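Coordinates in review
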Protein chains: 2
Amino acid sequence: MTSSSPAPTGRQGRKASARGESRREELIAAAATLFAERGYATTSIADVAAAVGVTQQALLYYFGNKVGLLHAVIDQRDGASLEFAEELTALGGPAAIEQLPRYARRNVANPSLASLFAVLVMENLRPGDVAHEHFVTRYRNLRAVIEQMITAGQESGEFSRTVDARLKAFEILAFIEGANTQWLLDPDSVDLVAATTAYATDLLRTLTP
Amino acid sequence: MTSSSPAPTGRQGRKASARGESRREELIAAAATLFAERGYATTSIADVAAAVGVTQQALLYYFGNKVGLLHAVIDQRDGASLEFAEELTALGGPAAIEQLPRYARRNVANPSLASLFAVLVMENLRPGDVAHEHFVTRYRNLRAVIEQMITAGQESGEFSRTVDARLKAFEILAFIEGANTQWLLDPDSVDLVAATTAYATDLLRTLTP
DNA sequence: GTCTATAGCGAGATAGAC
DNA sequence: GTCTATCTCGCTATAGAC
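Here we summarise the structure given alongside this text. Values in this document were obtained by computation on a predicted structure and should not be read as measured data.

Observations concerning the interface of chain B and chain A
- Across the boundary between the two partners, chain B contributes 43 residues, which contact 43 residues of chain A.
- Both faces combined, the contact of chain B with chain A buries some 3900 Å², and carbon together with sulfur accounts for 67% of it.
- If you sort the residues of chain B by the area they bury against chain A, Phe170(B), Gln182(B) and Leu185(B) come out on top, with a joint share of 20%.
- Inspection of the region where chain B meets chain A yields 6 salt bridges.
- Of the charged contacts in the structure, one is a salt bridge between Asp186(B) and Arg143(A), with a shortest N-O distance of 3.5 Å.
- For the interface between chain B and chain A, the tally reads 14 residue pairs in polar contact (both at pLDDT 80 or more).
- Only α7 (111-122), α8 (132-155), α9 (165-185) and α10 (192-207) of chain B provide two or more residues apiece to the side of chain B that touches chain A.

Encoded structure:
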């Protein structure tokens, strides 16, 4: 966000890989994969560079330092998350709840993305950690989006007004995160989509008047 | 478990700190705190040793290597978790559900322990990670305990037989873990005990015939 | 048991050539 | 843009003295 990188001007040469990916994007993609697999702290920038076939110093040319790379990864991959959540909840009320399994399906289809943020959150729990503020606001935004979806349902009369929208939003996000954790650790032990569907069903029962 | 440490024989000298803690126990306690705060990978054994006032080499005398220290920490702190879960669920049925907020209270009272395992799990998601197998079986055991609690309630007729005990157990554990994550990241944003109490209440409604 | 000394590696980052 | 060379640091682990 602030200063960060020399930002190579304009478009890249034709050398960039198969798809129109710039070297910078290749590096971000490689970093996302490795961070998801091993975490940020244990991944060396040299490993990331090697995955793309350049040296560590080439990587530093783009991102300045390791933290710059991390922020580039977060910025590039996390926008989609909130958008996805907004898309799912935009319908408001019961229709939004029914979309919950789509979230699970998305994780199953893209475990690397699911793992990336789960791992990074735990590496940034404490104030002062490089991306702490980012994740704090990320979760606040997600809770806010879910809470609005619930209050929308209450205002339309589809949801009972006796439920505390704020606590319910917390609960729903807790389920999503915790389900994710268990599934990442032990994918064969549970059918994430089935579990999410079951949860959504029961959830609807507690929300409906 | 296997070989590990020279295991200093017999009891310790009177030099061990205020409480009857042996040096080994002091080191485990210091490691638990630091691992909880910074994670395993980013904590150096020298930091752990320094927290107790000895050198890194003294620490290695007890644990052999860094992985030995990790396993000592896990063995010492994790036994309590499963016991606690068993205690809470032993009652079976609705009474067990009502105990859920106690779990939250325990975390609030001991954030360091809550953080320790949350962080270590994410550092051991992948097969081959030093403590991967430990956490896989840990979660399997926890799910099994919760599942048994539910089936016990179903057999006594207190819980509806239409719910899938296995999926419900997964859901309950997901809530606990996810609630924990959100609260660790941003403690002021939510009242963990209130949220857990609300969840337990709604949970009971979906479980009761 | 705890120390000093030290080996040996891998990390992040800078300087400067091409 | 990407490289080679290099600096500096921190880390794990070993050897051996006390």
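From this point on, the discussion continues.
Structural notes on the relation of the copies chain B and chain A
- With an RMSD of 0.0 Å, chain B superimposes on chain A once it is rotated by 180° and translated 0.0 Å along the axis. With respect to symmetry, the two chain copies, as superposed, fit the operation of a two-fold axis.
- Looking at chain B, 100% of its interface residues are interface residues in chain A too, so the copies touch through the same face.

Topic: the side chain of Arg106(B)
Residue and element names in this part refer to chain B.
- Counting through the fold element by element, Arg106 comes out in helix α6 (residues 100-109).
- This buried residue, Arg106, is left without a salt bridge; Asp78 holds the nearest opposite charge, at 7.4 Å.
- Residues contacting Arg106, with those up to four places away along its chain left out, are Ala80, Ser81, Phe84 and Leu113.

Here's the deal with the protein's contact with DNA strand D
- Taken together, 18 residues surround DNA strand D, and among them Thr55(A), Gln57(A), Tyr62(A), Gln56(B) and Lys66(B) come closest.
- Expressed as a percentage, the sugar and phosphate content of the atoms of DNA strand D within 4 Å of the protein is 60%.
- At 2.5 Å, a side-chain N or O of Gln57(A) approaches a base nitrogen of DNA strand D.
- With respect to DNA strand D, the side chain of Tyr62(A) contributes an N or O atom lying 2.5 Å from a phosphate oxygen.
- Looking at the surface near DNA strand D, the elements with two or more residues in it are α3 (56-63) of chain A together with α3 (56-63) of chain B.
- Top contributing element to the surface near DNA strand D by residue count: α3(A), with 4 residues.
- When its residues are assigned to classes, the surface near DNA strand D shows 7 nonpolar, 9 polar and 2 charged.

The rules behind these values
- Residues numbered from 1 in each chain as written.
- Chains lettered and ligands numbered in written order.
- Predicted model: local features only at pLDDT ≥ 70, side-chain atom pairs only at ≥ 80, totals over all residues.
- Heavy atoms only, no water.
- Contact = heavy atoms within 4.5 Å.
- Buried area = accessible area lost by both parts, 1.4 Å probe.
- Salt bridge = Lys/Arg side-chain N within 4 Å of Asp/Glu carboxyl O.
- Polar contact = N/O pair within 3.5 Å; in protein donor to acceptor, adjacent residues only side chain to side chain.
- Helix = DSSP H or I, 4+ residues; strand = E, 2+ residues; numbered from the N terminus.
- Least-squares fit on C-alpha atoms with pLDDT ≥ 70 in both.
- Buried < 20%, exposed > 50% of the residue type's maximum accessible area, 1.4 Å probe, protein only.
- Lys, Arg positive; Asp, Glu negative; His and termini not counted.
- Near = heavy atom within 4 Å.
- Nonpolar A, V, L, I, M, F, W, Y, C, P; charged D, E, K, R; others polar.

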